[in-house]
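In case you want the letters, here they are:
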Amino acid sequence: MSDKFLMPTYNRQPVTFERGEGCWLYDDKGNAYLDGIAGIAVCNLGHCHPAITHAITEQAGKLVHTSNLYRISAQEKLATLLCSTANMENVFFSNSGAEANEAAIKLARLYGHKKNIDNPTIIVMEGAFHGRTMATLSATGNRKVQAGFEPLLSGFARAPWNDLDAIKKIIASNHNVVAILLEPIQGEGGVNPLRKGFLNELRALCDSHELLLMLDEIQTGNGRTGTYFAYQQENILPDVVTTAKGLGNGFPIGACLTSGRASALFGPGSHGSTYGGNPLGCSTALAVVETLTNGVIDAVNKRGELLRASLREAFSDTDMVIEVRGQGLINAVQFDRPCTALVGLCRERGLLINVTAESVVRLIPPLVINAKEIALLVERLKDAVVAFQNEQEAA
Ligand SMILES: *Cc1c(COP(=O)(O)O)cnc(C)c1O
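My aim in this report is to walk through the structure given alongside it, one point at a time. Given the structure is predicted, the values throughout are model-derived calculations rather than measurements. (Residues numbered from 1 in each chain as written. Predicted model: local features only at pLDDT ≥ 70, side-chain atom pairs only at ≥ 80, totals over all residues. Heavy atoms only, no water.)

### Observations regarding the packing of aromatic side chains
Part 1 of the reasoning: A full pass over the atoms with the stated rule returns four aromatic pairs.
Part 2 of the reasoning: Note on F17 and Y33: the rings are 5.3 Å apart at their centroids and 80° apart in plane angle, and the pair reads as edge-to-face. Taken together, the positions of F17 in strand β1 (residues 17-21) and Y33 in strand β3 (residues 32-35) put the pair 16 residues apart, joining distant regions of the chain.
Part 3 of the reasoning: Note on F17: relative accessible area 33%, which makes it partly exposed.
Part 4 of the reasoning: A centroid spacing of 6.5 Å and a plane angle of 80° characterise the contact between F335 and F388, whose relative ring orientation is edge-to-face. You can see F335 sitting in strand β14 (residues 330-335) and its partner F388 sitting in helix α12 (residues 371-394), a full 53 residues away along the chain. Across the pair, exposure class does not vary: F335 and F388 are buried alike. (Phe/Tyr/Trp six-rings, centres within 6.5 Å; stacked < 30°, edge-to-face > 60°. Helix = DSSP H or I, 4+ residues; strand = E, 2+ residues; numbered from the N terminus. Buried < 20%, exposed > 50% of the residue type's maximum accessible area, 1.4 Å probe, protein only.)

The following block contains the structure:
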């Protein structure tokens, strides 16, 4: 085997997985790994969940794809279930998160033009991650994602994270603002939460200025924070919410949901996707949403609390650990220094983790992780951190 024909867009770790079950992955040498990443917050139901495998294989044997030139019953069923779960009105299905955000950005621009704003501007946040397409990388608040791809798309204004006054100032000085796009908890940016009440205040601000509140729940959606969407823990509805990742449990599908004034913007011909919402993708996602909402999400808060409590206990006397934070099962251990070395140290100990924003261990395991597996995760992470400390002291 060789990877020389692949464009080197990733620094891949030297391991190849062959099989997965629940929270466990098995490599081609038969080694078992506890999965603390879930394919980057994708496999929320764990690997090869029987209900999802069944949905995929059954639909694959019946009908895979027809295109959106025709009605698709699985798409209509998924739309009905997702909208009622999210308390939203309409949905557009895409094949990825970035594409779901593309739809949201196009909606905001349509909304602006409808209001006779010729240069509609969307307020986005520092540290945000919205994807790798030209529009979504322009919306992203990370220079590394943008560098080399200029000219960026215009029509974005950036505010510091968690700073309502800064957003108010932009609105006051820029009459082209039509929407605000943000993640309820920044994922790639380092598991950064919003202060309590922020989304409520933002909702009121958007209402008084007739702006669209657009939430990127690509990572926080599908049960990750303890409710189907994170905004359901605040007493608000967004105008637009996007999701992907956990929606297909590994099958590529994304969604852009709308309510109220954001719902009547697209018409026939104004947006589309060849694959988006096809029978195979929608049958899979239908099984995912049904399984998630049939008890799986109810346990997420308790498991998250147990994980954070165990992490805090394990690292109470570790100076280089500054903070343990998170909500539901998107959690972080914040280090006082770059800690990417922990990825390899953990893998050698049979644990898969991710380091984001250089110094943040991001833990986004399958939502079905049990108490025993949480204890094992913390034990292996602690062991790796001790080794990391010894390396640092020796250097
Ligand atoms: C992963 C992610 C995206 C991009 O999703 P893709 O499916 O990789 O295009 C966008 N926004 C957020 C918050 C994400 O976590």
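### Some details on the site of the ligand
Part 1 of the reasoning: Taken together, the residues surrounding the ligand are S96, G97, A98, N101, F129, H130, G131, E183, D216, I218, Q219 and K245.
Part 2 of the reasoning: Contact distances for the ligand include 3.2 Å between a nitrogen atom and a backbone N or O atom of F129.
Part 3 of the reasoning: Interatomic distance of 2.8 Å between a side-chain N/O atom of Q219 and an oxygen atom of the ligand.
Part 4 of the reasoning: Contact with the protein chains removes 82% of the 390 Å² of surface that the ligand exposes when unbound.
Part 5 of the reasoning: Across the shell around the ligand, the residue classes break down as three nonpolar, six polar and three charged. (Near = heavy atom within 4 Å. Polar contact = N/O pair within 3.5 Å; in protein donor to acceptor, adjacent residues only side chain to side chain. Areas by Shrake-Rupley, 256 points an atom, 1.4 Å probe, with all protein chains shown as cover. Nonpolar A, V, L, I, M, F, W, Y, C, P; charged D, E, K, R; others polar.)

### Remarks on the packing of helix α3 (residues 73-86) against helix α9 (residues 279-296)
Part 1 of the reasoning: With their axes 8 Å apart at the nearest point, α3 and α9 run at an angle of 35° to one another. Handedness of the crossing formed by α3 with α9: left-handed. Of the residues in α9, those in contact with A74, Q75, K77, L78, L81, L82 and T85 of α3 are P279, C282, S283, A285, L286, V289, E290 and T293.
Part 2 of the reasoning: A per-class count over the contact of α3 with α9 returns nine nonpolar, four polar and two charged. (Axes fitted to C-alpha atoms, helices over the stretch in contact; angles between N-to-C directions. Left-handed = near helix turned anticlockwise from the far one by under 90°. Contact = heavy atoms within 4.5 Å.)

### Points about the pattern of salt bridges
Part 1 of the reasoning: Tallied over the entire structure, the rule returns 16 salt bridges.
Part 2 of the reasoning: Residues D317 and K382 are paired through a salt bridge, measuring 3.7 Å at the closest nitrogen-oxygen approach. One end of the pair, D317, is in the loop between α10 (300-314) and β13 (321-327); the other, K382, is in helix α12, with 65 residues separating them in the sequence.
Part 3 of the reasoning: We classify D317 as exposed; its relative accessible area is 60%.
Part 4 of the reasoning: Residue K382 is classed as partly exposed on the basis of its relative accessible area of 24%.
Part 5 of the reasoning: Shared partners join several salt bridges into a network, and the residues in it are R203, D207, D239 and R261. (Salt bridge = Lys/Arg side-chain N within 4 Å of Asp/Glu carboxyl O.)

### Brief notes about the sheet that holds strand β15 (residues 351-352)
Part 1 of the reasoning: Taken together, four strands build an open sheet; the order of strands is β1-β2-β3-β15 and the sheet is mixed. Because the sheet does not close on itself, it has two edges, and the strands there are β1 and β15.
Part 2 of the reasoning: Relative to β3, strand β2 (residues 24-27) is paired through three bridges, and the arrangement is antiparallel. By the bridge assignment, L25 is partnered in β3 with Y33.
Part 3 of the reasoning: Running at roughly 105° to β3, α12 makes contact with β2, β3 and β15 of the sheet. (Pairing = 2+ DSSP bridges.)

### Regarding the nonpolar core
Part 1 of the reasoning: Residues I167, I180, L182, L202, L342, V361 and L381 are the most contacted members of the largest nonpolar core, which totals 85 residues.
Part 2 of the reasoning: When near neighbours in sequence (up to four residues on either side) are disregarded, L202 contacts L164, I167, I180, L182 and L213.
Part 3 of the reasoning: Counting residues in each nonpolar core, the second largest holds 22 residues, with F92, A104, A179 and L181 among its members. (Core = buried A, V, L, I, M, F, W, Y, C linked by side-chain atoms within 4.5 Å.)

### Looking at the side chain of S263
Part 1 of the reasoning: As for its placement among the helices and strands, S263 is situated in the loop between β12 (254-258) and α9.
Part 2 of the reasoning: Side-chain polar atoms of S263 contact the side chain of E89, separated by 3.4 Å.
Part 3 of the reasoning: Residue contacts for S263: discarding those within four places in its chain leaves E89, N90 and T258.

### Side note on the layout of surface pockets
Part 1 of the reasoning: Within this model, the second largest pocket holds a volume of roughly 600 Å³.
Part 2 of the reasoning: Looking at the second largest pocket, it is lined by 25 residues, and the ones nearest its centre are N68, Q75, V91, F92 and F93.
Part 3 of the reasoning: Every element with two or more residues in the lining of the second largest pocket is listed here: α3, β4 (90-94) and β12.
Part 4 of the reasoning: Its residues placed into classes, the lining of the second largest pocket shows 11 nonpolar, 11 polar and three charged. (1 Å grid on protein atoms, 1.4 Å probe; cavity = no way out; pocket = protein on both sides within 12 Å on 5 of 7 lines; lining within 4 Å. Points joined across faces, edges and corners; volume = space filled by probe spheres on them.)

### Focus: the environment of V321
Part 1 of the reasoning: Structurally, V321 is set in strand β13.
Part 2 of the reasoning: According to the relative accessible area criterion, V321 is buried, its value standing at 13%.
Part 3 of the reasoning: Along the primary structure V321 and F229 are separated by 92 residues, whereas in three dimensions their C-alpha atoms are 29 Å apart.
Part 4 of the reasoning: Dropping the residues within four chain positions of it, V321 is found in contact with F315, V333, Q334 and F335.

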